[in-house]
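# Coordinates in review
For reference, the chains in residue letters:
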Amino acid sequence: TPRVFSGIQPSGGLTLGNYLGAMKRFVQMQDEGRFETIYCMVDLHAITVWQDPAALTANTRELAAFFMAAGIDPEKSILFNQARVPEHAQLAWIFNCVARMGWMKRMTQWKDKAGKNAENASLGLFGYPALMAADILIYHATHVPVGDDQKQHLELTRDVAIKFNHDFGVDFFPITEPVIEGEATRVMSLRDGSKKMSKSDPSDASRINMGDDADAIAQKIRKARTDPEPLPSEAEGLAERPEAKNLVSIYAALSDRTIAEVMPEIGGKPFSEFKPMLADLAVDKLSPISAEMRRLTADPAEIDRTLARGAERAREIAAPILQRTYEIVGLLT
Ligand code: TYM
């Protein structure tokens, strides 16, 4: 069976972008039943930049609660945190020796995150994509659902698999398919239609957080930046209107429809009418998730047991693949 892997960093501050761009697709792929689904809290990625230890632990549990509250069933999917499956880091070391410095230097996320101060960035941040390739390939995953911002990392994952197979003359690692689908692969900031919605934006008004209450959600949507025109009647009319397009995409994704499918309902409406509709829909869809997250995080021991069980199942797949990799490389084990 085709196998899905994806991960989210437990670095705190989950946004509507994480939900619509990633989590909703994770749940759909699990429920389709056509895939074996493996989902991971990538704590080792999170520590490529400083994380307060107590906050990291709490954020990992909160992220686990987000997965489950959004519909990931730890019986149907394998759900775990990366640090508990040492094969990720072990394969990443091998990939550190396969991937090239030049590949890493070209990553736009490296350039954005390290910025002008690259000399002072952690070595882990530079090698981040090699660990990501290991996450995916340690399970021989075939499909990786992600938001648009991860596309370049997935291309690098393919390059690592191709180079490993070529260097060792094997056909061992699969060439993974990115799954970047739906109307919300790139949810934009509510304050600036040219910037991605992100937990690291200094303005809290730029994003909807998974923990926001109904009032905060309604207020952020009411204040979201737009142009003064009413919505167009056809989807094509959104082309040059990034802020309007973003809000319509969010509306479509939240209601499990395409933009074309929602246009008959909302086309031609002024924002004074559309924004409250969007706010109501967002509150409807998000508040049950945050309520369930609060319920689950009240019992951290239960979350820890679930993740430990998930890690055991993950290791059953990962250990033989690492073993075979070591043999291919010629490492005595
Ligand atoms: P992370 O933790 O930054 O984000 C998790 C997922 O959310 C998506 N996302 C968005 N999608 C649409 N619009 C947005 N504004 C938005 N913001 C975030 C991301 O695309 C991602 O799918 N490197 C990854 C984590 C990772 C991973 C992996 C992913 C580590 N190993 C292996 C897949 C496979 C990351 O930092 O995602």
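If you're wondering where the values come from, they're calculated on a predicted model, not measured in any experiment.

Conventions adopted
- Residues numbered from 1 in each chain as written.
- Predicted model: local features only at pLDDT ≥ 70, side-chain atom pairs only at ≥ 80, totals over all residues.
- Near = placed C-beta within 6 Å.
- Helix = DSSP H or I, 4+ residues; strand = E, 2+ residues; numbered from the N terminus.
- Nonpolar A, V, L, I, M, F, W, Y, C, P; charged D, E, K, R; others polar.
- Buried ≥ 20, exposed ≤ 12 C-beta atoms within 10 Å, placed from the backbone.
- Pairing = 2+ DSSP bridges.
- Right-handed = clockwise from strand over helix to strand, strands pointing away.
- Expected span 1.5 Å × (residues − 1).
- Contact = placed C-beta atoms within 7 Å.
- Core = buried A, V, L, I, M, F, W, Y, C linked by C-beta atoms within 7 Å.
- Domains from an automatic or database assignment.

## Some remarks on the site of the ligand
Near the ligand you find 26 residues, and of these Gln9, Gly17, Gly21, Ala22 and Gly147 are the closest. For the shell around the ligand, the elements supplying multiple residues, two or more each, are β1 (3–8), α1 (16–32) and α7 (123–137). Looking at the shell around the ligand residue by residue, the class counts come to eleven nonpolar, eleven polar and four charged.

## A closer look at the pairing of β1
In terms of burial, β1 is a largely internal element, five of the six residues being buried. Here β1 runs beside strand β2 (residues 36–41); their pairing, made up of six bridges, is parallel. Each bridged residue has a counterpart across the sheet, and for Ile8 the counterpart in β2 is Met41. Between the parallel pair β1 and β2, the chain is carried across by α1, and the sense of this crossover is right-handed.

## With respect to helix α10 (residues 242–254)
The terminal C-alpha atoms of α10, which comprises 13 residues, lie 18 Å apart, in line with the 18 Å expected from a rise of 1.5 Å per residue. α10 sits mainly inside the fold: twelve of its 13 residues count as buried. Among the residues of α10, those classed as buried are Glu243, Ala244, Lys245, Asn246, Leu247, Val248, Ser249, Ile250, Tyr251, Ala252, Ala253 and Leu254. Considering only its buried residues, α10 is in contact with α1, α11 (259–266) and α12 (271–297). A positive backbone phi angle near 55° is found at Asp256, which sits one or two residues after α10.

## Some remarks on the nonpolar core
In this structure, Phe95 and Ile250 are the most contacted members of the largest nonpolar core, which totals 95 residues. The element that contributes the greatest number of residues to this core is α12, accounting for nine residues. When residues are assigned to domains, this core turns out to be shared by domain 1 (3–179 + 299–329) and domain 2 (204–294), each giving three or more. Setting aside residues up to four positions removed in sequence, Ile250 forms contacts with Leu16, Leu20, Ala184, Val187 and Leu278.

## Concerning unusual backbone geometry
Unusually for a residue other than glycine, His140 sits at a positive phi of about 50°. Structurally, the position occupied by His140 is in the loop between α7 and β4 (143–145). Positive phi, close to 55°, is recorded for Asp256, a residue that is not glycine. For Asp256, the location among the structural elements is in the loop between α10 and α11.

## Quick look at the environment of Phe168
Looking at where Phe168 falls in the secondary structure, it is placed in helix α8 (residues 151–168). Taking C-alpha positions, Phe168 is 57 Å from Gln219, a pair spaced 51 residues apart along the chain. Setting aside chain neighbours within four positions, we find Phe168 in contact with Ile328 and Val329.

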